[in-house]
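Each chain is listed here by its residues.
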Amino acid sequence: MDPRREQETDALLAPVARWTPRFIVFVAALGAIVAWGAYAYSVQLQQGLVVTGMRDTVSWGLYISNFVFFIGISHVGALMSAILRLTKAEWRRPVTRMAEAITVCSLFVAASMPIIDLGRPDRLLNVILYGRIQSAVLWDFLSISTYLVGSLLFFYLFLIPDLATLRDRLTAVGRMRRWLYRKLSLGWTGAPEQRRRLGRSIGILTILILPIAISVHTVVSWIFAMTLRVGWNSTIFGPYFVAGALFSGVASVLMAMALFTHFYKLERWITPLHFRNLAYLLLLLDIVYIYFTLNEYLTVSYKSEGTEAALLASLYGGPFSGIFWTIQLGGLVIPAFLLAFRRTRTTLGIVVAATLVNATMWLKRYLIVVSTLATPQMPVGWGSYWPTWVEWSITGGAFAGFVLLFALLSRLVPIVSVWETQEAREPPEGAAEELPAAEAGA
Amino acid sequence: MRTRASWLALFLLLALLVAPPSPTVVPAAGSHGDVLEVGFKDSPTQVDGTLAAGEYAHNHTDPDTGMTIHVQYSGSVLGIALEAPGRGWVALSLGAVLVGSNYTDILVFAFDNGTLRSLDEVDHGWERHLDQAVGGTDDIIASGAATTATGWRVEFQVPLDSADDNDHHFLPNGTYPFSLAYNATSTDPASPQTAHSTEFLLHVGASPEIFRAERTAVRGSAQKLVAGQKSTVSGVLMNASGSPLPDQPVEFYLKTTFGLLYLGLGRTSSLGKAGIVYEPKSPGSWTLYVAFRGTGRYLPSNDTVQLAVLEAPAEAAFWLTTTLGITTVVFLVVGGVWGSYLFVVSQLFAIRRIGRRNVTRHPSQKGEGSENHPRTE
Amino acid sequence: MSEPPNEGMRRRQFLTLAVKGGGVAALGILGGKVFIERLAGVPEDARVTASGQPRSWVMVIDLDRCDGCGVCTTACRTQHNVPVGQEWIKVYQVSDPEGTSYFLPRPCMHCENAPCVAVCPVGATYVRKDGLVLIDHNRCIGCRYCMAACPFNARYFNWDGAPELTPEEQAIYSPEYPVVHRRGTVEKCVFCAHRADKGQLPACVEACPMKAIFFGDAREDAVSNGREVWRLSQVLRERGGFRFKEELGTKPRVFYLPPEGS
């Protein structure tokens, strides 16, 4: 291997080779938050769901909002890896693994959320033993488990050559990790036969993962759309949720890119070009999402049918108006402006836009769940919902858990795919002409 | 010369001598001497335990027992309501008609947990027997009861002049003694009374007609009907000798889980047949009551028939479609995807096998980064 | 050996494959049949009339008679030991746009096309053959999807009750008589299924002092409030009986008779 490539590989493997003290502290802090969330859940198990703010009118709250949110950001793996791969967009190479890692981590957290929401989690097996295929929850169960296994396989397949690299080059790490790398790299030597088989597997999964991902968020949306509730009884929920998922997924990748580039010193591979391309993608998805939002709200408002009128009033000017307008303005309009104009489309501007998008998309999921349930169906007053410390703690634990999984993953395997980056026929645009001196670890 | 007035007076005197003595009995010593006029009403009572306005002609509250008796007669039927302050049995005892006889007609009623027992008995001094036990008949035509705020109330009908000699016979212009008794708590008619009234008198005035009421029989026809289709259910009303009774009302009821459902009323034709149009809702075997309430002349009668209602022919709907569709799609799609996963895993095992083979053959080939990349197109 | 070893082996392989395949196929068909039947919801219960026909319970509520006293709610709560905060039959006060105000008692509608039954992931809530929608509290996982699906807010969740039943309580419990409650499951009005099975009227029907609630079998076309027996089809036609939220298509089994003069 030529020295330039060697240097590149070393730089990319540096975060994996050496864990900084700062990282340990970070992990410990996240672990503490997760532990606090676990404690809150134990309180809930002991005393029942009465410790939450949910009651008979608003019977779903933060947990289901978190579930939909994390399923949403899980779409980015399919988008980045599958779509960009199929369209042969070469600039994707440094960021695909980040996207796939987000998918895997968020799916695990997402799958735990409905279980935490259950009144009788000890009877979880009933879903398998007595499962009814006519229920949207069963479709969720099947599609999420299929997507989880698929995305794990997807992630792993692209990891094998890098695992082999880790096995060969990283001799200074602990025995456990070396054993892990050796076992998981499957004796990869780059032999033509192996390459053929891996190529075939990757090809199959690339094609499969996209419809699976789309089906996942579609069936999650059908949990809501298959009911007769105002605000949920909409025919466009499937595409609406998929568009929202891609939207918040791309925003998550942008945030992850910004953080990793800064902390792992990956400026050479993750360049302003990547930020710009993803910014265009984010802008495009923003416009698509605005289009769906207009479809949803304009058509309903125009007719303002009796039952829908109460919900709309609460969204436009009532108890939920603060959240509603924050989402539309802060999450759709402002990011669109930030991304559309070159002056604001700096790396900082893009990351700010992405953060705004992600934060408001979480609010949007909350709004979808709670505003509909709070709207009265019978001739009596509105339901109200204020999450309690248990719900906030578990939510914090969920987000901390996601970041923790992601961070640990980024220190176990290189977060930028080494072999894919080096496979590029030409160096990516905007890459530094000179190789920087080999870093002593991030 | 005798005037016309004196001829009239003589005739009247003779008439008085010849007229049969009205069968009265001198009131027993100790009675209050009250006479309760029974009173004629055009329509008979509704024996449902509640008092409608104008249902009874007269009533009397006995100061000794606190019981109230309401009376009327219509045609050949005597309608009586008794109200008692307690929850136990009540009894009406009708005094002897013929001098020298030593029995009284006793009617006993007990209301226990929603079930009314009506007993037509005869009292031979200290012993009481059911009429039926001593060769008579149970002539209580109808009875009904309801609880009141302070106690309970029974309404019943008996013929003024039944064919049973164990019963008291009421004749026009007759005055008859009777008394009331009740037990405050026990609904067992064998238990002794806790209060009784002294005797007082019932007076039946002259009325348009009093007949010994005729027994009737109504026979419903058991029919085969089809659910959802209208057809006629009918019944035939005849008297005891089998001749049809025209222009009488016959009511039809269906027995349902929670009570009798009124279906309708038909008037009998010249052949004694009455019918209504009925559309049964669902198939099966249903119990139909055909009832004749009775009028002044005729005693009520009823009949029970079983209606067999058949299923209406319907097209069989294939209602499994949606579920079957979902299941098929899900299993095909999910099966296909997981099958692909299994294929990929098999490829991974193959890669590992090749890796091991290569290691044993060429141990020096490890670690060549440039050859680590799979062929991806 | 009469035949070459290869052929013998092939034949043996074929035979074992055939036997295995046949066994699997038979199992598959059997399993498929059971599975399809379970999907189709063939029930284990069959409450029938005296003539052997399955019942079809309905309730009729005369809004003209209801005076909002709430005795029905109390009687129901007493009958089933309903936890505090739940009202299985709930009386709403409704005001017309014109200004007339009346009371609307709302039990569970026991819909023929019940959305709650459709969405339950484990089949804990199910429709009995006589039309009653019941809940098996031994199976409910507390996901509360049925509560989100019910358009009438007729379902209640046990947020803080006893976590599990004692063996004695478990012996009393049945979906028809959910008189002992456990935390983490959904519960609601059951049309007093335990009473209906014995030919008795539900507790709210018997308790109503205005005799405004009627209950009966639609196949008999008769409903009773304990005092009167009305012909269902006739009273609905003559009084203009309607179902609440008819346009949603859930086909509720509770009919309302509008108050006079409306």
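Values in this document were obtained by computation on a predicted structure and should not be read as measured data. (Residues numbered from 1 in each chain as written. Chains lettered and ligands numbered in written order. Predicted model: local features only at pLDDT ≥ 70, side-chain atom pairs only at ≥ 80, totals over all residues. Heavy atoms only, no water.)

Turning our eyes to something else, we now look at a nonpolar patch on the surface. Residue and element names in this part refer to chain A. A cluster of nonpolar side chains, contributed by Y316, W325, L329, V333, I334, F337 and F341, occupies part of the molecular surface with about 660 Å² of accessible area. For the nonpolar patch, the leading source of residues is helix α13 (residues 321-340), giving 5 residues. Within the fold, I334 resides in helix α13. A relative accessible area of 41% places I334 in the partly exposed class. (Patch = residues over 30% accessible without salt bridge, like charges linked within 9 Å, V, L, I, M, F, W, Y side chains within 5 Å. Areas by Shrake-Rupley, 256 points an atom, 1.4 Å probe, with all protein chains shown as cover. Salt bridge = Lys/Arg side-chain N within 4 Å of Asp/Glu carboxyl O. Helix = DSSP H or I, 4+ residues; strand = E, 2+ residues; numbered from the N terminus. Buried < 20%, exposed > 50% of the residue type's maximum accessible area, 1.4 Å probe, protein only.)

Before going further, it helps to examine the packing of helix α9 (residues 192-225) of chain A against helix α10 (residues 237-264) of chain A. Residues and elements named next belong to chain A. Interaxial distance between α9 and α10 falls to 8 Å at its minimum, and their mutual angle equals 125 degrees. If you check the angle between α9 and α10, you find them oblique. At the point where α9 passes α10, the crossing takes the right-handed sense. For the pair α9 and α10, the contacting residues are I214, H217, T218, S221, F224 and A225 in the first and F237, G238, F241, V242 and A245 in the second. Looking at side-chain class alone, the contact of α9 with α10 contains 7 nonpolar, 4 polar and no charged residues. (Axes fitted to C-alpha atoms, helices over the stretch in contact; angles between N-to-C directions. Parallel < 35°, antiparallel > 145°, perpendicular 65-115°, else oblique. Left-handed = near helix turned anticlockwise from the far one by under 90°. Contact = heavy atoms within 4.5 Å. Nonpolar A, V, L, I, M, F, W, Y, C, P; charged D, E, K, R; others polar.)

Here we come to the side chain of A:N358. Residue and element names in this part refer to chain A. Inspection of the secondary structure assignment puts N358 in helix α14 (residues 347-374). N358 gets classed as buried once you look at its relative accessible area, which sits at 10%. Within the local environment of N358, its side chain forms a polar contact with the side chain of S252, the two groups lying 3.0 Å apart. Not counting residues within four places of it along the chain, the set of residues in contact with N358 comprises F69, I73, S248, A251, S252 and M255. (Polar contact = N/O pair within 3.5 Å; in protein donor to acceptor, adjacent residues only side chain to side chain.)

Here we come to the packing of aromatic side chains. Tallied over the full model, the rule gives 46 aromatic pairs over all chains. For the ring pair A:F69 and A:F70, a centre distance of 5.5 Å and an interplane angle of 75 degrees mean the geometry is edge-to-face. In this structure A:F70 comes out as buried when scored by relative accessible area, which is 0%. Judged by centre distance (5.9 Å) and plane angle (20 degrees), the rings of A:F337 and A:F341 are stacked. Here the aromatic cluster, defined as three or more aromatic residues joined through ring pairs, consists of A:W60, A:F224, A:W232, A:F237, A:Y240, A:F241, A:F247, A:Y289, A:Y291, A:F292 and C:Y145. Over the aromatic face of C:W159 sits the side chain of A:R55, whose NZ or CZ is 5.6 Å from the ring centroid. (Phe/Tyr/Trp six-rings, centres within 6.5 Å; stacked < 30°, edge-to-face > 60°. Lys NZ or Arg CZ within 6 Å of the ring centre and 35° of its normal.)

Residue and element names in this part refer to chain B. Per-residue pLDDT for chain B has a mean of 78; in total, 79% of the residues score no lower than 70. Across residues 97-101 the pLDDT falls below 50, and counting only partners more than four positions away or on other chains, this stretch makes 5 contacts in the model. A low-confidence stretch, residues 364-371 (pLDDT under 50), is modelled with 5 contacts involving residues beyond four sequence positions or located in other chains. (pLDDT = per-residue confidence, 0-100.)

Another point: the interface of chain A and chain B. On the side of chain B, 28 residues touch chain A, which itself brings 41 residues to the contact. Roughly 3400 Å² of surface becomes buried between chain A and chain B when both sides are summed, with 69% attributable to carbon and sulfur atoms. Sorting the residues of chain A by area buried against chain B places A:L186, A:T189 and A:R197 first, and these three jointly supply 17% of that buried surface. Joining chain A to chain B, the criterion identifies 0 salt bridges. Applying the counting criterion to the chain A and chain B interface returns 5 residue pairs in polar contact (both at pLDDT 80 or more). Looking at the side of chain A that touches chain B, the elements with two or more residues in it are α7 (136-169), α9 and α16 (418-423) of chain A. (Buried area = accessible area lost by both parts, 1.4 Å probe.)

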